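# Secondary and tertiary structure notes
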Amino acid sequence: MARPDDEEGTAVANGHPPANGYLPVPGEAPAGKVSAETQNGPTAGCLALSGVSRDSPKATASGTPDGPKTPLAPEEETQARLLPKDPGEETPGGEGTLVPRIALSPRRFAVLLTFSAYSLVNAFQWIQYSIISNVFEGFYNVSSVHIDWLSMVYMLAYVPLIFPATWLLDTRGLRLTALLGSGLNCLGAWIKCGSVQQHLFWVTMLGQCLCSVAQVFILGLPSHIASVWFGPKEVSTACATAVLGNQLGTAVGFLLPPVLVPSTQNNTQLLARNISTMFYGTSAVATLLFILTVIAFKEKPQYPPSQAQAVLQDSPPGEYSYVKSIRNLFKNIPFVLLLISYGIMTGAFYSVSTLLNQMILTHYEGEEVNAGRIGLTLVLAGMVGSILCGLWLDYTKTYKHTTLTVYILSFVGMVIFTFTLNLGHIIVVFVTGGLLGFFMTGYLPLGFEFAVEITYPESEGTSSGLLNAAAQIFGILFTLAQGKLTLAYGPRTGNIFLCVWMFVGVILTALIKSDLKRHNINKGITNGDIKAIPVDSPTDQESKTILMSKQSESAI
């Protein structure tokens, strides 16, 4: 058994726990946070979580059971939450240090692909009306505003339902949330099959409302699935792949409806048959994916895939408070800035996607099919951007710089798209649309992953849910405002409106302070420069440890 002074950085002997509120720190620590006792003393190298020296009068008073407790700073509270609070817990050191069981489950790919597939179908149902809005206006004898609401209901439903949905994810888990998302998506698709008559617009709206509720249980899952199932070297790519399914659904929604339901206003029966074919095909695919969700989805793998997950899974369940988590997120200034800037970017994307058909047909009459192909180009380019950004993040971990760069390039792409839309050459719109989509759609997984990093150890589902809620709010406001500006003054004015807001988003993104908390926890594993504090894991009931690196301690 190694003695306390056998290894560099082992400050506490085996079987002797650190005092409450202290974490053994190897080497040097910031001035004012390390006790002034002698090097060989029992408290040498201890980091005071209260921010004072252990031998100071204040520390002595706060360390006693009856003494007043010193409130922790936010970053110290975060660190304290990751440490065991039982004074009887063992702290092994040096040789014989217990290492947590970290493993990657092969099932993670089935979970990811199944989720991406039913997210695809949900996104397809979101955009399938808007891209052929003129066709549905004629079939149901309604105005363009009614058709726009078939898209905006997705955004409207998300805002009030996001809080119960994220609460359900945090308290009841991933599997139930996934089943609700896939099941409601399937049910909404089947209801729309009964709306293929000209007087049944309310039925198709009912089905779309159910699909919009399903979306609430879908959009917040990519970062959660990536964190719970994937290792630190693949988590950003996994998140990008999960978001990719939704983007691919939007792409298919731009491509297939103009092909399956061409404009045949003079033949209502043929039009109804084409719409019915699209609805029944969607329902069949949604049903198959619901069955696969029942089979493939599990709550979590047997062993955590990363040290950051091991820390969270080993935390006592009673410590988690959903309300406190929400409060902590809104007290996190970098997250609030990201919340607003993400909402602006994604809301602008939603608005452009919803109104793309109207913008294209204003300058290129009769080009419904090409409008769909331009939308497809926009999203496919964005899918490539998402994957490349995910790979880049996994390789470099430069979250702030990558997010800001992509945001600036999205703004530039929007400006170019705005002032080249009316040149009269539709091939130019294909190119500028692809450029815009590459950066604007590629930004979506960056926002998710950046939020998880700066808010760890708060729930990924909660932070992602709030980001999506902001996106829906901005999406509704932007769609309504841009739609009115487009009808009154033309597409250029509406697009300039978005450009101004995206410039504001660039400024807000530049102000975000980058503090990669999750990465700092995982970094302790790769560097091997770690300290160990054992806890009992609820995952496999084996004794595991929480490992903290010197870099993590100084960062927190």
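Residues numbered from 1 in each chain as written. Predicted model: local features only at pLDDT ≥ 70, side-chain atom pairs only at ≥ 80, totals over all residues. Heavy atoms only, no water.

### Quick word on the overall build of the chain
Threshold: To qualify as a helix, a DSSP run of H or I must reach at least 4 residues; to qualify as a strand, a run of E must reach at least 2; elements of each kind are numbered from the N terminus. The criterion used for residue contact is that any of the two residues' heavy atoms lie within 4.5 Å. Note on areas: these come from Shrake-Rupley sampling with a 1.4 Å probe, and a residue is covered only by the protein chains present in the view.
Counting its secondary structure elements, the chain contains 21 helices and four strands. Residue pairs in contact within the chain that sit at least 24 positions apart in sequence constitute 80% of those at least 6 positions apart. With an accessible surface of roughly 22,300 Å², the chain has 64% of that area assigned to carbon and sulfur atoms.

### Observations concerning the nonpolar core
Rule in force here: Here the nonpolar core consists of buried residues drawn from Ala, Val, Leu, Ile, Met, Phe, Trp, Tyr and Cys, with membership extended through side-chain atoms lying within 4.5 Å. Working definition: with a 1.4 Å probe on protein chains only, accessible area under 20% of the residue-type maximum means buried, over 50% means exposed, and in between means partly exposed. Throughout, the edges of the domains are those of an automatic or database domain assignment.
Core analysis: the biggest nonpolar cluster contains 122 residues, and Phe136, Phe279 and Met414 have the highest contact counts within it. Ranked by residue count, the leading element in this core is helix H13 (residues 333–363), at 14 residues. Of the residues that make up this core, three or more belong to each of domain 1 (106–308) and domain 2 (321–523). Apart from residues lying up to four places away in sequence, Met414 is in contact with Val352, Leu436, Met440, Asn495, Leu498, Cys499 and Met502.

### Thoughts on the packing of helix H3 (residues 107–127) against helix H6 (residues 174–192)
Rules: Between N-to-C directions, angles cover 0 to 180 degrees, with each direction set by a line fitted to C-alpha atoms, over the stretch in contact for helices. The scheme is simple: roughly parallel for angles under 35 degrees, roughly antiparallel for over 145, roughly perpendicular for 65 to 115, oblique for anything else. Helix crossings get a hand from a simple test, with the near helix turned counterclockwise from the far one by less than a right angle marking a left-handed crossing and a clockwise turn marking a right-handed one. In this classification, Asp, Glu, Lys and Arg are treated as charged, Ala, Val, Leu, Ile, Met, Phe, Trp, Tyr, Cys and Pro as nonpolar, and every other residue, Gly included, as polar.
One can describe the packing of H3 onto H6 by two numbers: an axis separation of 10 Å at closest approach and a directional angle of 40 degrees. Here H3 lies oblique to H6, going by the angle between them. Viewed along their axes, H3 and H6 form a crossing whose handedness is left-handed. Residue-level contacts link Tyr118, Val121, Asn122 and Gln125 of H3 to Ala178, Gly181, Ser182, Asn185, Gly188, Ala189 and Lys192 of H6. Grouping the amino acids of the contact of H3 with H6 by side-chain chemistry returns four nonpolar, six polar and one charged.

### A word on unusual backbone geometry
Negative phi characterises most residues that are not glycine, and trans characterises most peptide bonds. A positive phi angle is found at Asn141, which is not glycine, with a value near 55 degrees. Within the secondary structure, Asn141 sits in the loop between helix H4 (133–140) and helix H5 (144–172). Residue Asn141 is classed as exposed on the basis of its relative accessible area of 61%.

### Quick word on a nonpolar patch on the surface
Spelled out, the test is: For patch building, the residue pool is restricted to those with more than 30% relative accessible area and no salt bridge; the joining distance is 9 Å between like charges and 5 Å between nonpolar side chains (Val, Leu, Ile, Met, Phe, Trp, Tyr). One speaks of a salt bridge when a side-chain nitrogen belonging to Lys or Arg is within 4 Å of a carboxyl oxygen belonging to Asp or Glu.
A cluster of nonpolar residues, Leu288, Ile291, Leu292, Val294 and Ile295, forms a patch on the protein surface that exposes about 440 Å² of accessible area. Inspection of the secondary structure puts Leu292 in helix H10 (residues 268–296).

### Quick look at the side chain of Ser353
Rules: In the analysis that follows, any N or O atom pair within 3.5 Å is treated as a polar contact, provided that within protein one partner can donate a hydrogen and the other can accept it, and provided that, for residues neighboring in sequence, both atoms belong to side chains.
Within the secondary structure layout, Ser353 lies in helix H13. Separated by 2.9 Å, the side chain of Ser353 and the backbone oxygen of Phe349 make a polar contact. Apart from the residues lying within four places of it in its own chain, the contact partners of Ser353 are Trp126, Ile127 and Phe254.

### Some remarks on the confidence of the model for the chain
This is how it is decided: Confidence scores labelled pLDDT are given residue by residue by the predictor and lie between 0 and 100.
Chain-level statistics for the chain give a pLDDT mean of 74 and a share of 72% at 70 or above. Element-level mean pLDDT values for the chain span from 34 in strand S3 (residues 530–536) up to 93 in H6. This model gives residues 72–97 a pLDDT under 50, and the stretch forms 72 contacts once residues within four places in sequence are excluded. For residues 525–556, every residue scores under 50 in pLDDT, and the model assigns this stretch 105 contacts once sequence neighbours within four places are set aside.

### Notes on H13
Let me state the cut-off plainly: A helix's residues, less one, multiplied by 1.5 Å, set its expected span. What we call the bend at a residue is the angle made by axes fitted to the seven residues finishing there and the seven residues starting there.
Helix length check: H13 (31 residues) gives 43 Å between terminal C-alpha atoms against 45 Å at 1.5 Å per residue, within 8%. Most pronounced at Leu355, the bend in H13 amounts to some 55 degrees. Across the 31 residues that make up H13, a large majority, 26, are buried.

### A closer look at the pattern of salt bridges
A pair can form between side chains of opposite charge whenever their charged atoms are brought close. Applying the stated criterion across every chain, the model contains one salt bridge. Among the ionic pairs, Glu234 bridges to Arg108, the shortest N-O distance being 3.0 Å. Here Arg108 lies in helix H3 and Glu234 lies in the loop between helix H8 (221–229) and helix H9 (235–260), a separation of 126 residues in the sequence. Here Arg108 falls in the buried class, since its relative accessible area comes to 9%.

### With respect to the packing of aromatic side chains
Using the following cut-off: The aromatic pairing rule takes the rings of Phe, Tyr and Trp, using the six-membered ring of Trp, and pairs them if the centres are within 6.5 Å, calling planes under 30 degrees apart stacked, those over 60 edge-to-face and the rest tilted.
Using the criterion set out here, one finds 19 aromatic pairs in the structure. Centroid distance Trp126 to Tyr350: 5.5 Å. Interplanar angle 70 degrees. Geometry classified as edge-to-face. In this pair, Trp126 is assigned in helix H3 and Tyr350 in helix H13, connecting sequence segments 224 residues apart. On the basis of relative accessible area, Tyr350 is assigned to the buried category, the value being 10%. Within the aromatic cluster, the residues linked to one another by ring pairs are Tyr129, Phe136, Phe139, Tyr140, Phe201 and Phe279.

### Some details on the side chain of Asp148
Along the chain, Asp148 turns up in helix H5. The residues touching Asp148, leaving out its near neighbours within four places in the chain, are Thr354, Leu355 and Gln358.

### Section: the environment of Lys513
Of note, Lys513 is situated in the loop between helix H19 (491–510) and helix H20 (517–527). You can call Lys513 exposed: its relative accessible area is 61%. Along the chain, Lys513 and Lys400 lie 113 residues apart, while their C-alpha atoms are 8.0 Å from each other. With near-sequence residues (within four places) excluded, Lys513 lies in contact with Pro334 and Ile454.

### Looking at the environment of Phe335
Structurally, Phe335 can be placed in helix H13. Residue classification places Phe335 among the buried residues on the basis of a relative accessible area of 0%. What Phe335 contacts, discounting residues up to four positions off in sequence, is Leu329, Ala451, Ile454, Thr455, Ser463, Leu466 and Leu467.

### Focus: the packing of H3 against H9
Contact geometry of H3 with H9 gives a least axis separation of 7 Å together with a crossing angle of 35 degrees. H3 and H9 meet at a crossing whose hand is right-handed. Across the contact of H3 with H9, the residue classes tally to 14 nonpolar, eight polar and no charged.

### Points about H9
A rise of 1.5 Å per residue sets the reference length of H9, with its 26 residues, at 38 Å; its end C-alpha atoms lie 37 Å apart and thus fit the reference within 8%. Taken as a whole, H9 carries its principal kink of about 25 degrees at Leu244. Of all the 26 residues making up H9, 20 are buried; the element is thus mostly covered by neighbouring parts of the structure.

### Details of the environment of Asp148
Accessibility expressed as a relative area gives 11% for Asp148, which makes it buried. Between the C-alpha atoms of Asp148 and Ser133, which are 15 residues apart in sequence, the distance is 7.9 Å.

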